[in-house]
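# Residue-level structure breakdown
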2 protein chains.
Amino acid sequence: MGNRDRIVDAAIELMNKNGCVVGTTQLVEHLSISPGNLYYHFRNREEILVEVLSRLTSDLDAVLKVKPYETPIASWLASIFIGGAQVLRQYRFFFSSSLELVMKDERLADQYRNFTARGIKQVDAILKRVLANAAGQLRLTAAERGRLAENMWVLWTSWPRYIEIVAGAGNVEKEILRNHEYLEFLLRPYLDPKFFKAVVTHVRKLQRLDNQTWGVMR
Amino acid sequence: MGNRDRIVDAAIELMNKNGCVVGTTQLVEHLSISPGNLYYHFRNREEILVEVLSRLTSDLDAVLKVKPYETPIASWLASIFIGGAQVLRQYRFFFSSSLELVMKDERLADQYRNFTARGIKQVDAILKRVLANAAGQLRLTAAERGRLAENMWVLWTSWPRYIEIVAGAGNVEKEILRNHEYLEFLLRPYLDPKFFKAVVTHVRKLQRLDNQTWGVMR
DNA sequence: GTCTATACGCCGATAGAC
DNA sequence: GTCTATCGGCGTATAGAC
């Protein structure tokens, strides 16, 4: 693996551990490479983060993609909840500190705004699909559904920050995955109760699976 | 007014404008005082922020206080929505950057955790009062009400960050006050529809009032 | 592609006079 | 309480050899 990728990996790893203040100095120390080498691969610090955000975007895309003829909607929705939480865990520093990271660089800010707009649109599309198949008593207009999507997005992206504050530093990775419970709660009033239960069952299954694999990975 | 208070005021003002990266240097320049003077009043930068958070806490307390025999619940709830949004506007840098500000100092972190726990508890108490008087069809257990309170808190505290990203820098103060719409939406499924409408009406009135006074103040 | 060496600026903080 | 002067450290970024 080339140093370019190693730098991006190290940025994600160290920033998850120590926050977004991690600088190029710490990066090169951790990798035992020279500052010159880092600046050969990247014009500046922000360019590393552009790369991180690109990775994040495509990882999230894979989770939120509305598959054309997906039949079992409940398990699909469950996979989105858990997949979403996994993305939060993997890039938590980015969500925790998005503003600080992004404000310094106009290009990065644009990229992040696109990421946001795109994400909310994808969530809305998912909601549309889900509600078409399993709506509850309470109905939503398209505008209200949009607001729900926005609320879910804000809650999702803000979750790592919140957890980092209330949980001790050691519990972040465990607690962060409970994000789905809060999103489920937002959605619940608008879903058919039986469908909701089915989703929760699927989520539990997926979460057990994650516990196993995540435990092994580290 | 003594320099101590002027320093805290300047910190709030400049950090709202330029983000939490504003340092002691910029502070003393803006106030035309010397670095020595600042460090006479405060041991270090964090101590200024402790003072800011104290102010924020008592300002929010005034908004969230459950008044013992408040009769018109709808207008009271409306005043909480708008008062809450005003607090967001006034201290937005703090919410935008809480993590970065707080992580550097253990004392500040503790203070912020207290602020959070206390806030969620207050919101829950408000919900309890409101739901006892104007619940809708959908009922909540105490645990579910707690989750709703937590969701509302996260959404509220995360709002300035979100707005700062999606809105251009110039529109932040205007957009930030729309926070109440999103909180109302969270609460709506659990409220009596007639009551909800009454709240919205009161909110509109208060918001017009804020527009006038806020316009004059600046 | 990778290294060594280094310039430059900014910021937090202190010493000590008035 | 307020000032002037200054130190030390850190972080980004560059020049130029290998």
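Residues numbered from 1 in each chain as written. Chains lettered and ligands numbered in written order. Predicted model: local features only at pLDDT ≥ 70, side-chain atom pairs only at ≥ 80, totals over all residues. Heavy atoms only, no water.

Per an unreviewed UniProt entry, chain A goes by the name TetR family transcriptional regulator and belongs to SAR86 cluster bacterium.

Check the secondary structure of chain A and you find 12 helices and 0 strands. Computed over the C-alpha atoms, the radius of gyration of chain A is 19 Å, within 12% of the 17 Å expected from 2.2 N^0.38 for a compact globule of 218 residues. Its C-alpha atoms give chain A principal-axis dimensions of roughly 60 × 35 × 35 Å. When contacts within chain A are restricted to residue pairs at least 6 apart in sequence, long-range pairs at least 24 apart make up 73% of them. Accessible surface, chain A as shown: approximately 10400 Å² in total, 53% of it carbon and sulfur. Across chain A, the 30 positively charged side chains and the 24 negatively charged ones have centroids separated by 6 Å. (Helix = DSSP H or I, 4+ residues; strand = E, 2+ residues; numbered from the N terminus. Rg over C-alpha atoms; globule rule 2.2 N^0.38 Å. Contact = heavy atoms within 4.5 Å. Areas by Shrake-Rupley, 256 points an atom, 1.4 Å probe, with all protein chains shown as cover. Lys, Arg positive; Asp, Glu negative; His and termini not counted. Charge placed at Lys NZ, Arg CZ, Asp CG, Glu CD.)

This part is about the protein's contact with DNA strand C. Taken together, 16 residues surround DNA strand C, and among them S34(A), N37(A), H41(A), T24(B) and Y39(B) come closest. Considering DNA strand C, the proportion of its atoms within 4 Å of the protein that are sugar or phosphate atoms stands at 69%. T25(B) is positioned with one of its backbone polar atoms (N or O) 3.5 Å from a phosphate oxygen of DNA strand C. Counting residues per element, the ones that place at least two in the surface near DNA strand C are α3 (35–41) of chain A together with α2 (24–31) of chain B. Residue contributions to the surface near DNA strand C peak at 5 residues, all from α3(A). Of the residues that constitute the surface near DNA strand C, the class distribution is 4 nonpolar, 11 polar and 1 charged. (Near = heavy atom within 4 Å. Polar contact = N/O pair within 3.5 Å; in protein donor to acceptor, adjacent residues only side chain to side chain. Nonpolar A, V, L, I, M, F, W, Y, C, P; charged D, E, K, R; others polar.)

Take the interface of chain A and chain B next. The interface of chain A with chain B comprises 36 residues on the first partner and 35 residues on the second. Interface area for chain A against chain B, summed over the two sides, is near 3400 Å², with a carbon-plus-sulfur share of 63%. For the chain A face of the interface with chain B, the top three residues by lost area are R147(A), I165(A) and F185(A), together amounting to 21%. At the surface where chain A touches chain B, the tally comes to 6 salt bridges. Residue R161(B) is joined to E100(A) by a salt bridge in which the shortest nitrogen-to-oxygen separation is 3.6 Å. Viewed at the interface, chain B and chain A are joined by 19 residue pairs in polar contact (both at pLDDT 80 or more). (Buried area = accessible area lost by both parts, 1.4 Å probe. Salt bridge = Lys/Arg side-chain N within 4 Å of Asp/Glu carboxyl O.)

The subject of this paragraph is the UniProt feature "DNA-binding region" (unreviewed entry) in chain A. UniProt's entry tags residues 23–42 of chain A with the feature "DNA-binding region" (unreviewed entry), counted in the numbering of this structure. Overall, residues 23–42 of chain A shows 75% helix and 0% strand. The separation of its end C-alpha atoms is 13 Å. (UniProt positions renumbered as here; feature names shortened; annotations may be inferred.)

Once chain A has been moved 0.0 Å along the axis and rotated by 180 degrees, it coincides with chain B to within an RMSD of 0.0 Å. Seen this way, the second copy is the image of the first under a two-fold rotation axis. The share of interface residues of chain A whose copies in chain B are also at the interface is 97%, consistent with both copies meeting through the same surface. (Least-squares fit on C-alpha atoms with pLDDT ≥ 70 in both.)

Okay, the protein's contact with DNA strand D next. Residues in contact with DNA strand D amount to 15 residues; listed here are only the nearest, T24(A), T25(A), Y39(A), S34(B) and H41(B). For DNA strand D, the fraction of atoms within 4 Å of the protein that belong to sugar or phosphate moieties is 66%. Within the backbone of S34(B), one N or O atom sits 3.0 Å away from a phosphate oxygen of DNA strand D. Interatomic distance of 3.0 Å between a side-chain N/O atom of H41(B) and a phosphate oxygen of DNA strand D. Of all the secondary structure elements, the ones that give two or more residues to the surface near DNA strand D are α2 (24–31) and α3 of chain A together with α3 (35–41) of chain B.

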